[in-house]
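Architecture and fold: a report
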Amino acid sequence: TEMALSRLLVVLALAAVIATAAVEESAVEVAAATENYGYEEDYYAERTEQEGQNNAEEDHRNDHYEEAAEHSEETATDHAETVPVEAGGEDPKGPYLSFYGQPVTESFASKEWLLQHAGGYNVSFLSDDPPLMVVEDFLTADECETMIRIGGHNMVRSGLGLDNAITEERTSSTSWVHLPDVPDSEDQRLLHLTEARIAELVGLPVANQEEFQLLRYEQGQQYVLHHDYLEDYAKMRCGPRAVTFFIYLTDVEEGGATYFSHMNMRVKPKRGRAAIWFNTVGNSMAPDWRLLHAGEPVIQGTKWAINKWVHTHDFYTHFMANDLEF
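A short tour of the structure in this document, coming up. (Residues numbered from 1 in each chain as written. Predicted model: local features only at pLDDT ≥ 70, side-chain atom pairs only at ≥ 80, totals over all residues. Heavy atoms only, no water.)

1. Digging into the pairing of strand E11 (residues 274-278)
Here E11 lies mainly inside the structure; five of its five residues are buried. As defined by bridge partners, strand E2 (residues 131-136) adjoins E11 across four bridges and the pair is classed as antiparallel. Its bridge partner being in E11, Leu132 is matched across the sheet by Trp277. Pairing between strand E7 (residues 241-248) and E11: five bridges, direction antiparallel. Its bridge partner being in E11, Phe246 is matched across the sheet by Ala275. (Buried < 20%, exposed > 50% of the residue type's maximum accessible area, 1.4 Å probe, protein only. Helix = DSSP H or I, 4+ residues; strand = E, 2+ residues; numbered from the N terminus. Pairing = 2+ DSSP bridges.)

2. Some remarks on unusual backbone geometry
That bond from Asp129 to Pro130 is cis: its omega, 0°, falls within 30 degrees of zero. The topology assignment puts Pro130 in the loop between strand E1 (122-128) and E2. Here Asn264, not a glycine, exhibits a phi torsion of approximately 50°, which is positive. With respect to the helices and strands, the residue Asn264 is situated in the loop between strand E9 (258-260) and strand E10 (265-267). Judged by relative accessible area, which is 53%, Asn264 ranks as exposed. Within the chain, Asn322 stands out as a residue other than glycine whose phi angle is a positive 55°.

3. Concerning the nonpolar core
Core analysis: the largest hydrophobic core is formed by 40 residues, its most contacted members being Phe138, Phe245, Ile247, Leu249 and Ile276. Of all elements in the fold, only helix H2 (111-117), E2, helix H3 (141-151), helix H4 (185-202), strand E5 (212-217), E7, E11 and strand E14 (303-311) reach the threshold of two or more residues within this core. For Phe245, the residues in contact, after removing those within four places along its chain, are Phe138, Ile198, Leu201, Val202, Ala274, Ala275, Ile276, Ile306, Asn307 and Lys308. Listed in part, the 17 residues of the second largest apolar core include Val134, Tyr248, Val298 and Ala305. (Core = buried A, V, L, I, M, F, W, Y, C linked by side-chain atoms within 4.5 Å. Contact = heavy atoms within 4.5 Å.)

4. Focus: the packing of aromatic side chains
Tallied over the entire structure, the rule returns nine aromatic pairs. Aromatic pair Phe260 and Trp277: ring centres 5.0 Å apart, planes at 80°, arrangement edge-to-face. With a gap of 17 residues between them, Phe260 in strand E9 and Trp277 in strand E11 connect regions that are remote in the sequence. Taken as a pair, Phe260 and Trp277 share a single burial class, namely buried. (Phe/Tyr/Trp six-rings, centres within 6.5 Å; stacked < 30°, edge-to-face > 60°.)

Below, the structure is given as structure tokens:
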């Protein structure tokens, strides 16, 4: 009996030791969990605060650009109602209008003109005359990816001129983004905001812009030396392509630069970067041949980009009404 009692006491003692150890281990786990929860709580509080600041900044920027786009569309509508006059009178296209609807009396094909509208952007000039401006981070990485997703599913061989001739001079692929056909409202919003930002930067109305032209250059593909000025447009209601606004949507491992032969300068592809140049001399309808350029062959990687051509006068209204020609 005494032996049995002793064994029972030993068993109870061991059970007590095990229970105490379990309680201590549990307490340590609870303390660790509490500490981790505190870290997580601080992390999520900081992240929530940062997201709130980012959202507020984005809302402010989007409100600004939506107002700008609305204003530009209103002034473009007013301009579209201008009645052409008889030959020999005033320009039947009407005066050039600035982004804010005022007639342009100074040369918009100048560095000074661009600097007036470049506030808030990270810009640099590779050339002052003719002006060649580069804007860093014009689009974010997410916006670049969205642009590719919106238009990248309908690619066809790029052509030359209004007749879209297929030649070995231009071997990339192209997709025109017709905004009314874009089903997603958030995608449409990005396109509208981008157009408004382009209009603000170049100082000319949204309605003067052609549709987004998405480009893809794969290994070995190129566009030989050429000019964006098309003489046929100069004879139409929209006037010539006054501005080229070129946006790089991807980095390229090697090759694919935009080469300007007169200036012997290259703009290398970098995601979000934009290059802006004028195709006309001053406020004239004459081409500035110093802006001959080439899309150099891609050696390694894939180059995605966007062309946005801005005319001297309303393009989009007449394009949609199919009455670009007089």
